Amino acid sequence: MAQAVNEDLLDSVLLTTFKINGRRYKVLLNHGTLIWETEKSPVTRYSLHLNDVIGVDYDHSRDYSCCSNTQNRNTIEEIGTEDSIEEFTSHSHSSFLIHYTFKEKNNKWVYCKLSLAHKEPRMVDKWLTVIKTFMKGFTQRPKNLLIFVNPFGGKKRGLKIYEKKVKPLLDLAGVKVDLRITQRANHAKETLLSENLEGFDGIVCVGGDGTFSEIMNGLIIRTTLDHGLDPSDLNCEYPRPKTRVGVIPGGSTDTIAYCIHGTTDITTAVLHIIIGQSTGLDVSSVHNQSKLLCFYASVMSYGYLGDIIRDSDNFRWMGPKRYNYSGFKSFIANHGYEGEIVFSVNESSAPLDSKCLKDCRRCQSQRDLSELDSQPSPETNELKRIRGKFLMVSGANLSCACPRSPNGISPHCHLGDGCLDLVLVHHTSLWNNLRLLLTLSNRMKSIYDLPFVEVHRTTHFTFQALPIPARRSSDFSVWNCDGEVVADTCLFIRTHCQLIEVFFRGVESCLEDEESGCFCL
């Protein structure tokens, strides 16, 4: 975490008695940590690191400032001169607010506020100034965001989410926003390809996986073109965009938001973005035989999930329920699709690996290598060929967990290890398909234990649908790519290690969460 805090400020110690919730507390600020404890027994102590503070300001509702009441405004008018007014108002605040984040269970972060009151306004000014000065050193925090809101995704709550939950928190944190409301498919992508992005230190979307895919594709292609490279070049080493990206859930499944934030809670996503910590996220490119089709961040899936997304397009009027309806139809149909997959064999085994959690060593080792700016070594791994009939073929960049599938399609898939997990579900009976769905929906079970499922870790693979030529159209499925349809049946998919930087504060195992509570008004 890059912070440029003045050394004298880091060494400064403040100790004062404040009133908090009507009780007197001794409050200590030392080395970026705020500690307050009751003066009388039984002694109760609380602490808060300034890293978790998103903003501080005067508490106008509880002091004697000009914002408090009519009596004070009349007093100011009697003072007369502008200088006198400034002098009066600058020393008339008797309390201030600390706005901060607090971690609850299940990776959920909440917004809290703490009001500290003192009879001496100059003491309030001093504390406020010191904390604000300290926070200026949090240089990783975004100051100017370009935010795209999809008003049509999910339950069509995008605008309401922004106005009610996103904007108030960004205002508290002093983040400036250039708001864009998307009007059509690929609107966000087209904007990023054509407009000047200088001055933005973050690009965020309020929407689902498809909206995130738009801003990710637009940013990567824009960066590639700015470097004079051809995005459709199969061997292109795509440059990393300098601008970080973020996602605030507002879609139907919100798989990407869930994998990045550990929850689909909207407030948590906003607070992660405000705090400004980030990590590298793997992205995969998809080429057909002639050009680049797209990039994706979560999963590219052929067969069962492809059938669902293709069929659900006919029932958009149903909203998110269309996925349940189309999923049931595809489950009963139990279509199997023939295909051939060729992939590079990686030394790491997904079933023997562990989950990608906060401070993941595997992802951090790849980050350390990328910071050395070393060129990727040529592929020397052997190629493996598998031909068969499959219910589903998936290339997963993420675990693809979501509220309905807590472990996802590949529980041990990592965010930034430079690999993707190739998940092959062989065509079998309806009973085994039911086992698959029950396993995906159960936090305590893993897809790795099913005998008709293979999971291979790789850096790239090719897929060719069979037979060639097709005897009938039903021989082929389509690809579900971050919730969008890709109809090509011969593809080359390659992962790019930590190609984009995403706002991220770390995901912890929900089983390890303990009971906790915040000290808040």
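Going by an unreviewed UniProt entry, the protein carries the name DAGKc domain-containing protein and comes from Laodelphax striatellus.

## Quick look at the overall build of the protein
Counting its regular elements, the protein contains 13 helices and 22 strands. Of the contacts formed within the protein by residues at least 6 apart in sequence, a portion of 76% connects residues at least 24 apart. Only carbon and sulfur atoms are counted for the fraction: they give 50% of the accessible area of the protein, which is about 24,800 Å².

## Focus on the packing of helix H5 (residues 158-172) against helix H9 (residues 266-275)
Remark: H5 packs on H9, axes separated minimally by 10 Å, with the N-to-C direction vectors making an angle of 35°. Here the hand of the crossing between H5 and H9 comes out right-handed. Side by side, H5 and H9 meet where Ile-161, Lys-165, Val-166, Leu-169 and Leu-170 of the first sit next to Ile-266, Thr-267, Val-270, Leu-271 and Ile-274 of the second. Residues that form the contact of H5 with H9 fall into these classes: eight nonpolar, one polar and one charged.

## What about unusual backbone geometry?
Leave glycine aside and you will find that most residues have negative phi; peptide bonds, for their part, are mostly trans. The residue after Ser-41, namely Pro-42, is reached through a cis peptide bond having omega -5°. Residue Pro-467 is reached from Leu-466 by a cis peptide bond, and omega for that bond is 0°. As for its position among the elements, Pro-467 is in the loop between strand S19 (460-465) and strand S20 (479-481). In this structure, Gln-498 is a non-glycine residue whose phi angle is positive, near 45°. Since its relative accessible area comes to 4%, Gln-498 is described here as buried.

## Some points on the environment of Ile-308
Among the secondary structure elements, Ile-308 is positioned in helix H10 (residues 304-312). Judged by its relative accessible area of 12%, Ile-308 falls in the buried class. For Ile-308 and Tyr-325, which are 17 residues apart along the polypeptide, the C-alpha to C-alpha distance reads 8.8 Å. Once residues within four sequence positions are removed from consideration, Ile-308 is found in contact with Tyr-323, Ser-326, Gly-327 and Ser-330.

## Observations regarding the packing of helix H6 (residues 187-194) against helix H7 (residues 209-226)
In the contact formed by H6 and H7, the axes pass within 8 Å of each other and the chain directions differ by 20°. Regarding the angle of H6 to H7, the classification is roughly parallel. Relative to H7, H6 is oriented so that their crossing is right-handed. On H7, the residues that touch His-187, Ala-188, Lys-189, Leu-192, Leu-193 and Ser-194 of H6 are Glu-214, Ile-215, Asn-217, Gly-218, Leu-219, Ile-221 and Arg-222. Here the residues of the contact of H6 with H7 sort into six nonpolar, four polar and three charged.

## Observations concerning the side chain of Asp-421
Note that Asp-421 resides in strand S17 (residues 420-426). Side-chain polar atoms of Asp-421 contact the side chain of Arg-457, separated by 2.9 Å. Each residue touching Asp-421, except ones within four places of it in the same chain, is listed here: Ala-350, Ser-394, Gly-395, Ala-396, Ser-410, His-412, Cys-413, Tyr-448, Val-455, His-456 and Arg-457.

## Regarding H6
The periodicity of an α-helix, 3.6 residues per turn, causes residues three or four positions apart to be oriented the same way. Restricting attention to buried positions, one finds in H6 the residues His-187, Ala-188, Thr-191 and Leu-192. Mapping the buried residues of H6 onto a view down its axis gives an arc of 130°, with all of them on the same face. Against strand S8 (144-149), strand S9 (176-181), strand S10 (202-207) and H7 lie the buried residues of H6.

## Re a nonpolar patch on the surface
On the surface, Leu-159, Val-177, Leu-179 and Ile-181 cluster together into a nonpolar patch covering about 250 Å² of accessible area. Ranked by the residues each element gives to the nonpolar patch, the list is headed by S9, at three residues. With respect to the element layout, Leu-179 can be found in strand S9. Under the relative-accessibility criterion, Leu-179 is labelled partly exposed at 31%.

## A few points about the environment of Ser-326
Of note, Ser-326 is situated in helix H11 (residues 321-333). Judged by its relative accessible area of 0%, Ser-326 falls in the buried class. Sequence separation between Ser-326 and Ile-308 is 18 residues; the distance between their C-alpha atoms is 5.2 Å. A polar atom in the side chain of Ser-326 sits 3.2 Å from the backbone nitrogen of Ser-312.

## Re the confidence of the model for the protein
The pLDDT averaged across the protein works out to 88; a share of 88% of its residues lies at or above 70. Predicted confidence for residues 64-89 stays below pLDDT 50, and this span has 22 contacts to residues more than four positions away or in other chains.

## Some points on the pattern of salt bridges
Counted by the stated rule, this structure contains 20 salt bridges. Each member of the salt-bridge network shares a partner with another, and the members are Lys-26, Glu-37 and Arg-45.

## Thoughts on the packing of aromatic side chains
Within this structure, the stated rule accounts for ten aromatic pairs. With a centroid separation of 5.8 Å and an interplanar angle of 70°, the aromatic rings of Tyr-302 and Tyr-337 are classed as edge-to-face. Of this pair, Tyr-302 sits in strand S14 (residues 299-303) while Tyr-337 sits in strand S15 (residues 337-344), and the two are 35 residues apart along the sequence. With relative accessibility at 3%, the residue Tyr-337 sits in the buried group. An angle of 90° between the planes, with centres 5.2 Å apart, marks the rings of Phe-463 and Trp-479 as edge-to-face. Note that Phe-463 is positioned in strand S19 and Trp-479 in strand S20, a separation of 16 residues in sequence. Trp-479 carries the same exposure label as Phe-463, and that label is buried. Among the aromatic residues, those joined into a cluster by ring pairs are Tyr-302, Tyr-337, Phe-463 and Trp-479. Above the ring of Trp-109, the side-chain terminus of Arg-505 is found at 4.2 Å from the ring centroid.

## Digging into a positive patch on the surface
On the surface, Lys-108, Lys-155, Arg-157, Lys-160, Lys-164, Lys-165 and Lys-321 cluster together to form a positively charged patch. Counting residues per element, the positive patch draws most heavily on H5, which supplies three residues. With respect to the helices and strands, Arg-157 occurs in the loop between S8 and H5. Taking relative accessible area as the criterion, Arg-157 reaches 38% and is therefore assigned partly exposed.

Definitions and limits used
Residues numbered from 1 in each chain as written. Predicted model: local features only at pLDDT ≥ 70, side-chain atom pairs only at ≥ 80, totals over all residues. Heavy atoms only, no water. Helix = DSSP H or I, 4+ residues; strand = E, 2+ residues; numbered from the N terminus. Contact = heavy atoms within 4.5 Å. Areas by Shrake-Rupley, 256 points an atom, 1.4 Å probe, with all protein chains shown as cover. Axes fitted to C-alpha atoms, helices over the stretch in contact; angles between N-to-C directions. Left-handed = near helix turned anticlockwise from the far one by under 90°. Nonpolar A, V, L, I, M, F, W, Y, C, P; charged D, E, K, R; others polar. Buried < 20%, exposed > 50% of the residue type's maximum accessible area, 1.4 Å probe, protein only. Parallel < 35°, antiparallel > 145°, perpendicular 65-115°, else oblique. Polar contact = N/O pair within 3.5 Å; in protein donor to acceptor, adjacent residues only side chain to side chain. Arc of directions from axis to C-beta. Patch = residues over 30% accessible without salt bridge, like charges linked within 9 Å, V, L, I, M, F, W, Y side chains within 5 Å. Salt bridge = Lys/Arg side-chain N within 4 Å of Asp/Glu carboxyl O. pLDDT = per-residue confidence, 0-100. Phe/Tyr/Trp six-rings, centres within 6.5 Å; stacked < 30°, edge-to-face > 60°. Lys NZ or Arg CZ within 6 Å of the ring centre and 35° of its normal. Lys, Arg positive; Asp, Glu negative; His and termini not counted. Charge placed at Lys NZ, Arg CZ, Asp CG, Glu CD.

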